[in-house]
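Per-entry structural report
What follows is the residue order along each chain.
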Amino acid sequence: RGPVVLVEGPYLGMACCGGVPCAPSPAPDTAVHAIVQDYYGKTIQRTADLKTACCLSGERPPAAIVECLARVPREVTEKYYGCGTALPIDIEGLTVLDLGSGAGQDCYVAAQLVGPSGFVIGVDMTEEQLQVARAHVRSFAKTLDYPQPNMEFLTGFIEDLQGAGIRAASVDVVISNCVINLCPAKDKVLAGVHHVLKNGGELYFSDVYCDRRLPAAARADPLLIGECIGGALYINDFIQLCHKTGFADPRVVSMRKIPMDVPAIRALVGDTQFYSITFRCFKLDTLEPTSESYGHVAFYRGNAPHAGTSYALDSTHVFPAHTPVLVSGNTAAILGGTRLAAWFTVAGNGGVHLGPFKEPSALPW
């Protein structure tokens, strides 16, 4: 098939479908694994080989990440396939796990953001991608003047993080890009992420989503699977899956619509609308599945790295420095019970329930 261009303009994001299963396909999981291993191990050798721009629909990253990208080895960036900015910048000293790390671009960026006291782990199942990722680990540490490398790349399936060697409650932040929701066993992925995260830890990731469940023909098409279209997850199904696996309050960080104007693809997906969305999900037992009011007030102290005079928790919660903001019980728990507590003061003990907390919707419906 000839190349199909779905999105125009610059596509500077992070990694996508880096060698992990890419669809909730009607075919057995092993068949999907084989499709994606072949596609990202042999068919796609560099970014320009992608047949569509669906995996390149992400927004331009923050300046701090752009600066880090400039130091990433060229061989790594040439094998980058990205659908969003799936990396928080305030992660110094943390342990970060990248699911479907591919050739490692996100890991090489994260290695700079965590600094020499932090550590970054990439997990992928495609050996051709892992060879590229591993080739520059030691030289990159020398480039950064680190005393020793702070990255490693493990062979494994992201549905089985324990099998890949990731211990329970050992990770501060899990990142991923255009991978998690496109795996055949999405419930196992999210449950596994919840298992390896420390309490108060975070899943921060981008993916391609859609506004309805895709027809079987689209989900089974090998090109659409490889290009991250056939595996796009219906947003409401994702939210329900989060609730079932312990992530009670997924937050939208950014969202943009992906144009789908190619007739051959429209014939398979019908009127489905596609979106690139970055979510963040916190591991906190105190979070509720609905937004409730307890009279909490939050103050941003103005000291978060790279945040400036305000801190954006997500697309609908932006906190000006030194300004009291009334927040829900869930937002209070996130700001006070995670690494964000270093930058926030939360007033109120949550002893009296005041009813539902009215939140603006981050979704277009």
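To be clear, the structure that these remarks concern was listed above.
In this report, we go over the structure that sits alongside the text. (Residues numbered from 1 in each chain as written. Predicted model: local features only at pLDDT ≥ 70, side-chain atom pairs only at ≥ 80, totals over all residues. Heavy atoms only, no water.)

1. Points about the overall build of the chain
In terms of regular secondary structure, the chain is built from twelve helices and 13 strands. Expressed as a percentage of its 365 residues, the buried residues of the chain come to 58%. For the chain, the computed accessible surface area is about 14,500 Å², with 54% contributed by carbon and sulfur atoms. (Helix = DSSP H or I, 4+ residues; strand = E, 2+ residues; numbered from the N terminus. Buried < 20%, exposed > 50% of the residue type's maximum accessible area, 1.4 Å probe, protein only. Areas by Shrake-Rupley, 256 points an atom, 1.4 Å probe, with all protein chains shown as cover.)

2. A few points about the side chain of T331
Relative to the assigned elements, T331 resides in helix α12 (residues 329–337). A distance of 2.9 Å separates the side chain of T331 from the side chain of R251, its partner in a polar contact. Look past the residues within four positions of T331 in its chain and what remains in contact with it is R251, L313, H317, F319 and E359. (Polar contact = N/O pair within 3.5 Å; in protein donor to acceptor, adjacent residues only side chain to side chain. Contact = heavy atoms within 4.5 Å.)

3. Points about the pairing of strand β8 (residues 274–282)
Extensive coverage of β8 is indicated by the burial of nine of its nine residues. Of the two faces of β8, the one carrying F274, S276, T278, R280 and F282 and the one carrying Y275, I277, F279 and C281 are both buried. Bridge count between strand β5 (residues 197–210) and β8: nine bridges; the pairing is antiparallel. For L203, the partnering residue across the bridge sits in β8 and is C281. Pairing between strand β7 (residues 251–258) and β8: seven bridges, direction antiparallel. Counterpart to R251 in the pairing with β8 is R280. (Pairing = 2+ DSSP bridges.)

4. Looking at unusual backbone geometry
Negative phi is the rule for most residues except glycine; trans is the rule for most peptide bonds. The phi dihedral of D145 is positive, around 60°, even though this residue is not glycine. Despite not being glycine, A169 has its phi angle at roughly 50°, a positive value.

5. A look at the pattern of salt bridges
Scanning the entire structure with this criterion turns up eleven salt bridges. A salt bridge links E67 to R71; its shortest N-O distance comes to 3.1 Å. D90 is the salt-bridge partner of R339, the closest N and O atoms lying 2.8 Å from each other. Of the two residues, R339 sits in the loop between α12 and β13 (344–347) while D90 sits in the loop between α3 (74–77) and β1 (95–99), which places them 249 residues apart along the sequence. With a relative accessible area of 9%, D90 lands in the buried category. A network of salt bridges, in which partner residues are shared, links D90, E202, R280 and R339. (Salt bridge = Lys/Arg side-chain N within 4 Å of Asp/Glu carboxyl O.)

6. Structural notes on the environment of G270
Considering the arrangement of structural elements, one finds G270 in the loop between α11 (263–269) and β8. Owing to a relative accessible area of 30%, G270 belongs among the partly exposed residues under this scheme. As for G270 and P215, which are separated by 55 residues in sequence, their C-alpha atoms are 8.5 Å apart.

7. Thoughts on the packing of helix α7 (residues 186–196) against helix α10 (residues 235–244)
Look at α7 against α10: their axes get within 9 Å of each other, and the N-to-C directions meet at 45°. Taken together, the axis directions place α7 and α10 in an arrangement best described as oblique. For the pair α7 and α10, the crossing hand works out as right-handed. Across from K186, D187 and L190 in α7, the residues of α10 making contact are F238, L241 and C242. In terms of residue class, the contact of α7 with α10 is made up of four nonpolar, no polar and two charged. (Axes fitted to C-alpha atoms, helices over the stretch in contact; angles between N-to-C directions. Parallel < 35°, antiparallel > 145°, perpendicular 65-115°, else oblique. Left-handed = near helix turned anticlockwise from the far one by under 90°. Nonpolar A, V, L, I, M, F, W, Y, C, P; charged D, E, K, R; others polar.)

8. Brief notes about the packing of aromatic side chains
Considering all chains together, one arrives at twelve aromatic pairs under this definition. Both rings, one in Y209 and one in F279, keep their centres 5.4 Å apart while their planes meet at 75°; by these two values the pair is edge-to-face. Of this pair, Y209 sits in strand β5 while F279 sits in strand β8, placing them 70 residues apart in sequence. Of the two residues, Y209 and F279, both sit in the buried class. Relative to F279, the ring of F238 lies with its centre 4.6 Å away and its plane at 45°, an arrangement referred to as tilted. Of the two residues, F238 is situated in helix α10 and F279 in strand β8; the sequence distance between them amounts to 41 residues. (Phe/Tyr/Trp six-rings, centres within 6.5 Å; stacked < 30°, edge-to-face > 60°.)

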